[in-house]
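Observations on the three-dimensional arrangement
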Amino acid sequence: MANPNLTDMTEEDAADLQFPKDYLLSSTDNSEHDIEFEMSVQKDKIVASDPICCVCRSILVEPYIHCAVCTNIEICSSCFAKGCEIDEHRNDHDYMIIKNEFPLVDGSGWTAKQELKLLTLLQQCGFGNWLDIGCRMHGKSADECRIHYLQNYIDNQTLPDLPRIEENRVSLFNCESIPYIYKLQDLEEPPRFDPDTFNGRLLAGYNAARSDFVVNFDNHAESLVCNLDFDEFQPGDDMYELGKALQVALVQAYNNRLKERMRRQRIIRKHGLITFRKVMSCIQRYENTITKPLAERLLIFMQLLNGMEFDFFMEGLHRVGELKNHINRLLEFRRNGLKHFFSVPMFQKLSKLRQENEREKKQYMNNSEYCWRNLLPDNVISCNSPILGSTQRKIAPPLVIKGLPGYDKLDIDERELCSLVRIVPSNYLDFKHILIMENKKKGHLKLAQARILLKIDVNKTRKIYDFLIEKGYIKKSTH
């Protein structure tokens, strides 16, 4: 905001800004021309909001300099201190310092700078959060901020050009309130699982349609006290003390069972275990980041965390998975020789074309009309050649191991081995540990010993055995 008061043009302000010229505006220089010009400036000059420095083109922040000679020349304090000149403006022109340290509301004690800060804090903290606004508003308490805003902006609008809103039902509530926005038949039906099913056991007897527990935990706990007769023992009996102690013990056992029942019901209600569809959609959401097997194992933490805390926990892991996927994509680009991001679209386009060509080539080769065997004579095909005559075993496609447990612990070569051999990464890590530990005991390892230890397909065992020898994890026996 601009202050057209020319009394701010003093030597102290110029000294604070380190103005590098000898000429300063003197308060005794009251020529007729200057007086007329000052009156015209006070009458006609309007400084727009968010002005821009004419030299460096940056947004001006108070205090800044307004030339009293040139038209629409406003300079920031840095350019003013350097003595910058532009067009017809010279650094010895008269000037005035524009500040926002003047009051907008008379008698309020609030400057224009404080008014701007109050409105900014209201947008950041929200209306009504006066405690946080008072903590950030230096020199003003929370009550002072609330009273000043309500008095000058809401109840009694003393500032001009403030919008006046009529308080009616539409302005306050935006529109007429509707009792039911959706019809009942449009709502999603709650899950209805039979008590003996797996999903019913997951809900621990909770019936979402009734919003209550049909079958309670430890449902027969009341049998402890159902036949309890408190008048069975009288004070004069010999077994009075022992009988009363036994009755009290039964009641305490019943109370303990009730506490455990209430604890389980509280966990089921407050920890999101009854939102079965949400859990299923949650697993699908995290399938590409946390992976489905790991997400299903993490559901056990719903017993320890409430719904909001568990969502934060899963979202954090989801973000970690996204970062890992992004890093893996960057590593893949680097392995393919890409060093600049503008090359990525072309690489992805070419990769897609190559995959399509390979798929078409595979379909073409599998087509019997174009098979090279049909071009050979019948006697050649029927011969006992090990290449042409024998039927070869169909090779299984590589296993998709991305996202499976243990995938992140493998290097590039191990991932390729697990995919080609069709071994789950977690199982491969177990096999690797077993063979390495056995190799440490004897100093070497035979293939026959590896087959006895792993007890899997002999071909898979041999490939794992050869791979570990090649990488130097184990040592082949020389005997």
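Computed from a prediction, not measured in an experiment: that's the story for all the values here.

1. Some details on the overall build of the protein chain
Within the protein chain, the regular secondary structure consists of 18 helices and five strands. Put simply, the protein chain has 479 residues, and 26% of those count as buried. Of all intrachain contacts in the protein chain linking residues separated by at least 6 positions in sequence, the fraction that spans at least 24 positions is 48%.

2. Examining the packing of helix α16 (residues 425-442) against helix α18 (residues 458-471)
Running from amino to carboxyl end, α16 crosses α18 at an angle of 60°, the nearest separation of the two axes being 11 Å. Note that α16 runs across α18; the crossing there is right-handed. In this structure, α16 uses Tyr428, Phe431, Lys432 and Leu435 to contact α18, whose residues at the interface are Ile464, Phe467 and Leu468. Of the residues that constitute the contact of α16 with α18, the class distribution is six nonpolar, no polar and one charged.

3. Here's the deal with the packing of α16 against helix α17 (residues 447-454)
Each pair of packed helices can be summarised by the angle the axes make with each other and by the distance between the axes. α17 packs onto α16 with a crossing angle of 135° between their chain directions and a minimal axis gap of 10 Å. Here α16 is positioned oblique relative to α17, judged by the angle of their axes. Handedness of the crossing formed by α16 with α17: right-handed. Residues Phe431, Ile434, Leu435, Glu438 and Lys442 of α16 form the contact with α17, whose participating residues are Gln449, Ala450, Leu453 and Leu454. Among the residues forming the contact of α16 with α17, the class breakdown is six nonpolar, one polar and two charged.

4. Notes on the sheet that holds strand β3 (residues 95-98)
What the three strands build is an open sheet, ordered β2-β1-β3; its pairing is antiparallel. With one partner strand each, in any of the chains shown, β2 (74-75) and β3 form the two edges of the open sheet. Here strand β1 (residues 64-67) runs beside β3; their pairing, made up of four bridges, is antiparallel. Opposite tyrosine 64, over in β3, you have isoleucine 98 as the bridge partner.

5. Quick notes on the packing of aromatic side chains
Tallied over the full model, the rule gives six aromatic pairs. Where tryptophan 130 meets tyrosine 149, the ring centres are 6.0 Å apart and the plane angle is 50°; that geometry is what we call tilted. One end of the pair, tryptophan 130, is in helix α5 (residues 130-136); the other, tyrosine 149, is in helix α6 (residues 142-155), and 19 residues separate them in sequence. With a centroid separation of 5.8 Å and 85° between ring planes, the pair formed by phenylalanine 333 and phenylalanine 347 is classed as edge-to-face. Pair noted here: phenylalanine 333 is in helix α12 (residues 307-335) and phenylalanine 347 is in helix α13 (residues 344-366), with a separation of 14 residues, a long-range link. Owing to a relative accessible area of 18%, phenylalanine 347 belongs among the buried residues under this scheme. An aromatic cluster of at least three residues, connected via ring pairs, comprises Trp130, Tyr149 and Tyr153.

6. Some remarks on the nonpolar core
Within the largest apolar cluster, 20 residues are counted, with the highest numbers of intra-cluster contacts made by Tyr428, Leu435, Ile464 and Leu468. For this core, the elements supplying multiple residues, two or more each, are α15 (412-421), α16, α17 and α18. Residues contacting leucine 468, with those up to four places away along its chain left out, are Tyr428, Lys432, Leu435, Tyr473 and Ile474. The next biggest cluster of nonpolar side chains, apart from the first, holds 16 residues, and it includes Cys53, Leu60, Cys67 and Ile98.

7. Some thoughts on the confidence of the model for the protein chain
Overall, the prediction assigns the protein chain a mean pLDDT of 76, with 75% of residues at 70 or greater. Every residue in residues 1-49 is under pLDDT 50, and counting partners more than four places away or in other chains gives 70 contacts. Contacts from residues 383-391, a stretch scored under 50 in pLDDT, to residues over four places away or in other chains number nine contacts.

8. Looking at the side chain of glutamine 265
Following the sequence through the fold, glutamine 265 ends up in helix α9 (residues 240-270). Residue class for glutamine 265 comes out buried when judged on its relative accessible area of 16%. With residues up to four places along the chain from it excluded, the contact list for glutamine 265 reads Phe213 and Asn216.

9. Notes on the pairing of β1
Burial along β1 is two-sided: the face carrying Tyr64 and His66 and the face carrying Ile65 and Cys67 are both buried. With two bridges joining them, β1 and β2 adopt antiparallel strand pairing. Looking across to β2, one finds that histidine 66 is bridged to glutamate 74. Counted along the chain from β1 to the antiparallel partner β2, the turn is six residues long, and its residue asparagine 72 has a positive phi close to 55°.

10. Here we look at the state of the cysteines
On inspection of all chains with the given rule, the structure shows zero disulfides. No disulfide involves cysteine 70; its sulfur sits 3.8 Å from that of cysteine 67, the nearest cysteine. Between cysteine 125, a cysteine without a disulfide, and cysteine 135, which holds the nearest cysteine sulfur, the sulfur-to-sulfur distance is 9.1 Å.

11. Comments concerning the pattern of salt bridges
It is possible for side chains of opposite charge to pair when their charged atoms get near one another. Applying the stated rule across the entire model yields 12 salt bridges. Two residues, arginine 264 and glutamate 260, come together in a salt bridge whose shortest N-O distance is 3.0 Å. Here arginine 264 pairs with glutamate 260, and both are found in helix α9, just four residues apart, close to one helical turn. Given a relative accessible area of 25%, glutamate 260 falls into the partly exposed group. Residues arginine 319 and glutamate 322 are paired through a salt bridge, measuring 3.3 Å at the closest nitrogen-oxygen approach. Pair noted here: arginine 319 and glutamate 322 are both in helix α12, with a separation of three residues, about one helical turn. A relative accessible area of 47% means that arginine 319 is categorised as partly exposed. A relative accessible area of 32% means that glutamate 322 is categorised as partly exposed. Through salt bridges with shared partners, one network takes in Glu260, Arg263 and Arg264.

What counts and what doesn't
- Residues numbered from 1 in each chain as written.
- Predicted model: local features only at pLDDT ≥ 70, side-chain atom pairs only at ≥ 80, totals over all residues.
- Heavy atoms only, no water.
- Helix = DSSP H or I, 4+ residues; strand = E, 2+ residues; numbered from the N terminus.
- Buried < 20%, exposed > 50% of the residue type's maximum accessible area, 1.4 Å probe, protein only.
- Contact = heavy atoms within 4.5 Å.
- Axes fitted to C-alpha atoms, helices over the stretch in contact; angles between N-to-C directions.
- Left-handed = near helix turned anticlockwise from the far one by under 90°.
- Nonpolar A, V, L, I, M, F, W, Y, C, P; charged D, E, K, R; others polar.
- Parallel < 35°, antiparallel > 145°, perpendicular 65-115°, else oblique.
- Pairing = 2+ DSSP bridges.
- Phe/Tyr/Trp six-rings, centres within 6.5 Å; stacked < 30°, edge-to-face > 60°.
- Core = buried A, V, L, I, M, F, W, Y, C linked by side-chain atoms within 4.5 Å.
- pLDDT = per-residue confidence, 0-100.
- Disulfide = S-S within 2.5 Å.
- Salt bridge = Lys/Arg side-chain N within 4 Å of Asp/Glu carboxyl O.

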